[in-house]
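# Coordinate inspection notes
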Amino acid sequence: MCLGVPMTVVESDGFTALVSRGPETRRVSVLLVGAQPAGTRLLIHIDSAVRVLDPDEAETIDRALEGLAAALDGRAFDHLFADLIDREPELPAHLA
């Protein structure tokens, strides 16, 4: 399984950007999203920025990844999925 991970732009030269997530930093391609200013949240997949994220979407993905890590460690994780608790699943329009 491949995951896209939200990372924050530290600096960019227009073709690549130095991005960070926690203690990790790496240089990634921004050819798919264009140059982005410092502080922009990007979805990174295999060392390429594939999409610019708005703050709410980046936070949702961060909580999901934190929840996955908590579940794997045997820690409580329900609080990280509060938006899904007590809600019926919703099918995408093309499956409804």
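Rules used in this analysis
- Residues numbered from 1 in each chain as written.
- Predicted model: local features only at pLDDT ≥ 70, side-chain atom pairs only at ≥ 80, totals over all residues.
- Heavy atoms only, no water.
- Pairing = 2+ DSSP bridges.
- Helix = DSSP H or I, 4+ residues; strand = E, 2+ residues; numbered from the N terminus.
- Buried < 20%, exposed > 50% of the residue type's maximum accessible area, 1.4 Å probe, protein only.
- Contact = heavy atoms within 4.5 Å.
- Core = buried A, V, L, I, M, F, W, Y, C linked by side-chain atoms within 4.5 Å.
- Polar contact = N/O pair within 3.5 Å; in protein donor to acceptor, adjacent residues only side chain to side chain.
- Patch = residues over 30% accessible without salt bridge, like charges linked within 9 Å, V, L, I, M, F, W, Y side chains within 5 Å.
- Areas by Shrake-Rupley, 256 points an atom, 1.4 Å probe, with all protein chains shown as cover.
- Salt bridge = Lys/Arg side-chain N within 4 Å of Asp/Glu carboxyl O.

### Remarks on the pairing of strand 2 (residues 16-21)
- As paired elements, strand 1 (residues 5-12) and strand 2 share four bridges and run antiparallel to each other. Directly across from Thr8, in strand 2, lies its bridge partner Ser20.
- Joining the antiparallel neighbours strand 1 and strand 2 is a turn of three residues, in which Gly14 adopts a positive phi near 100°.
- Bridging between strand 2 and strand 3 (residues 24-29) involves six bridges; their strand directions are antiparallel. If you follow Ala17 over to strand 3, its bridge partner there is Val28.

### Regarding the environment of Phe81
- Among the secondary structure elements, Phe81 is positioned in the segment after helix 1 (55-73).
- The class for Phe81 is partly exposed, based on a relative accessible area of 22%.
- When the C-alpha atoms of Phe81 and Ala64 are compared, they prove to be 7.1 Å apart, with 17 residues separating the residues in sequence.
- Contacts of Phe81, omitting those with residues within four sequence positions, involve Arg63, Ala64 and Gly67.

### Comments concerning the nonpolar core
- In this structure, Met7, Val9, Ala17, Val19, Val28, Val30, Val33, Leu42, Ile44 and Ala49 together form the largest nonpolar core, which totals ten residues.
- Counting only elements with at least two residues in this core, the list comes to strand 1, strand 2 and strand 4 (41-45).

### Digging into the side chain of Thr40
- Along the chain, Thr40 turns up in the loop between strand 3 and strand 4.
- Thr40 sits in the buried class, given a relative accessible area of 15%.
- In this structure the side chain of Thr40 is engaged in a polar contact, spanning 2.8 Å, whose partner is the backbone oxygen of Pro37.
- When neighbours within four sequence positions are excluded, Thr40 is seen to be in contact with Met7, Thr8, Val9 and Val52.

### With respect to a nonpolar patch on the surface
- A surface patch of nonpolar side chains, amounting to about 300 Å² of accessible area, comprises Leu3, Leu68 and Leu72.
- Position of Leu3 among the secondary structure elements: in the segment before strand 1.
- Overall, the relative accessible area of 41% leaves Leu3 in the partly exposed class.

### Focus: the pattern of salt bridges
- For the coordinates displayed, the defined rule picks out nine salt bridges.
- Of the charged contacts, one joins Arg27 and Glu11 as a salt bridge, the two residues approaching to 3.1 Å between their closest N and O atoms. Remark: Glu11 occurs in strand 1 and Arg27 occurs in strand 3; sequence separation between them is 16 residues.
- A relative accessible area of 41% places Arg27 in the partly exposed class.

By themselves, these are just geometric observations and shouldn't be taken as functional.
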